[in-house]
Amino acid sequence: MEPVRVCFVCLGNICRSPTAEGVMRSLVAREGLASRIEVESAGTAAYHVGDPPDARSTAHARRRGIALTGAGRQFVTEDFARFDYVLAMDTDNHAALSRLARSPKAVDDAPSRLHLCRDFDPQAPRGASVPDPYYGGDAGFEEVLDQCQAACEGLLAHIRQSHGL
Ligand code: 4NP
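Residues numbered from 1 in each chain as written. Predicted model: local features only at pLDDT ≥ 70, side-chain atom pairs only at ≥ 80, totals over all residues. Heavy atoms only, no water.

(A) Inspection of the overall build of the protein at higher detail. Along the backbone of the protein there are six helices and four strands. Walking the protein from its N terminus toward its C terminus, one meets helices and strands in the order β-α-β-α-α-β-α-α-β-α. Radius of gyration (C-alpha) of the protein: 15 Å, near the 15 Å computed for a compact globule of 165 residues. For the protein, the C-alpha atoms occupy an extent of roughly 40 × 35 × 30 Å along the three principal directions. Contacts in the protein between residues far apart in sequence, at least 24 positions, make up 76% of those at least 6 positions apart. Split by element, the accessible area of the protein, about 8,000 Å² in all, is 50% carbon and sulfur. Distance between charge centroids for the protein: 2 Å, based on 18 positive and 22 negative side chains. (Helix = DSSP H or I, 4+ residues; strand = E, 2+ residues; numbered from the N terminus. Rg over C-alpha atoms; globule rule 2.2 N^0.38 Å. Contact = heavy atoms within 4.5 Å. Areas by Shrake-Rupley, 256 points an atom, 1.4 Å probe, with all protein chains shown as cover. Lys, Arg positive; Asp, Glu negative; His and termini not counted. Charge placed at Lys NZ, Arg CZ, Asp CG, Glu CD.)

(B) Broad picture of helix α6 (residues 138-163). Compared with an ideal rise of 1.5 Å per residue, which puts 26 residues at 38 Å, α6 spans 37 Å between its outermost C-alpha atoms and is within 8% of the ideal. Elements that come into contact with the buried residues of α6 comprise β1 (4-10), α1 (16-30), β2 (37-43), α2 (55-63) and β3 (85-88). Phi turns positive, to about 60°, at Gly164, one or two residues after α6. (Expected span 1.5 Å × (residues − 1).)

(C) Main features of the state of the cysteines. Counted by the stated rule, this structure contains zero disulfides. With no disulfide partner, Cys7 has as its closest neighbouring cysteine sulfur the one in Cys10, 9.7 Å distant. (Disulfide = S-S within 2.5 Å.)

(D) Structural context of the packing of α1 against α6. Contact pair α1 / α6: the axes reach a minimum separation of 9 Å and the direction vectors enclose 50°. Classified by the angle between their axes, α1 and α6 sit oblique to one another. Considering how the two elements wind past one another, α1 and α6 form a crossing that is right-handed. Listed contacts from α6 to Arg16, Thr19, Ala20, Val23, Met24, Leu27 and Val28 of α1 are Val144, Leu145, Cys148, Gln149, Cys152, Glu153, Leu155, Leu156 and Ile159. Along the lines of polarity and charge, the residues of the contact of α1 with α6 split into twelve nonpolar, two polar and two charged. (Axes fitted to C-alpha atoms, helices over the stretch in contact; angles between N-to-C directions. Parallel < 35°, antiparallel > 145°, perpendicular 65-115°, else oblique. Left-handed = near helix turned anticlockwise from the far one by under 90°. Nonpolar A, V, L, I, M, F, W, Y, C, P; charged D, E, K, R; others polar.)

(E) Region of the structure containing the packing of α2 against α6. At a minimum axis separation of 10 Å, α2 and α6 run at an interaxial angle of 60°. Here α2 is positioned oblique relative to α6, judged by the angle of their axes. Handedness of the crossing formed by α2 with α6: right-handed. The segment α2 lies against α6, with Arg56, Ser57, His60, Ala61 and Arg63 engaging Asp138, Phe141, Glu142 and Leu145. Counted by class, the contact of α2 with α6 contains three nonpolar, two polar and four charged residues.

(F) Region of interest: the side chain of Ser57. With respect to the helices, strands and loops of the structure, Ser57 is situated in helix α2. The buried category is assigned to Ser57, whose relative accessible area is 3%. Setting aside its immediate chain neighbours within four residues, Ser57 contacts Ile14, Cys15, Thr19, Leu68 and Phe141. (Buried < 20%, exposed > 50% of the residue type's maximum accessible area, 1.4 Å probe, protein only.)

Structure representation (structure tokens):
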């Protein structure tokens, strides 16, 4: 059976989306679903294409036993055909992705593949963003991890239920 494919998307693809990717990978591996659920990340901007995840994000995640991997990649319209779930980390990136999803180059059901990441956290207010930690201090990176953890637990439960996993 085809795996379920998930892509987290922020602005730079060096802080929030690689963090969500690492958290989700870790949950998926813990539940023995690594062959059934594939996890990637991307950015709506191109500033950090090819760059590794931000060293601060990597250090904070590592303290929780979560490895951040990969290199910055820009999300392209054609990615909507590859991913069953495209998870925007904030409302600005959701708006940018929504425009791509409605372009003629996107697969017909692209808009229904796009979600706001924290909408899978039952405790988060509807429409909540994961704030950009890039220009702030340590607390921002911890908050990103907490929010990603809660959202990814909800997302995994949703995928298990919807796809019979
Ligand atoms: P991210 O954070 O979107 O969570 O990866 C950012 C990283 C870099 C920049 C902005 C946000 N930047 O402007 O370079």
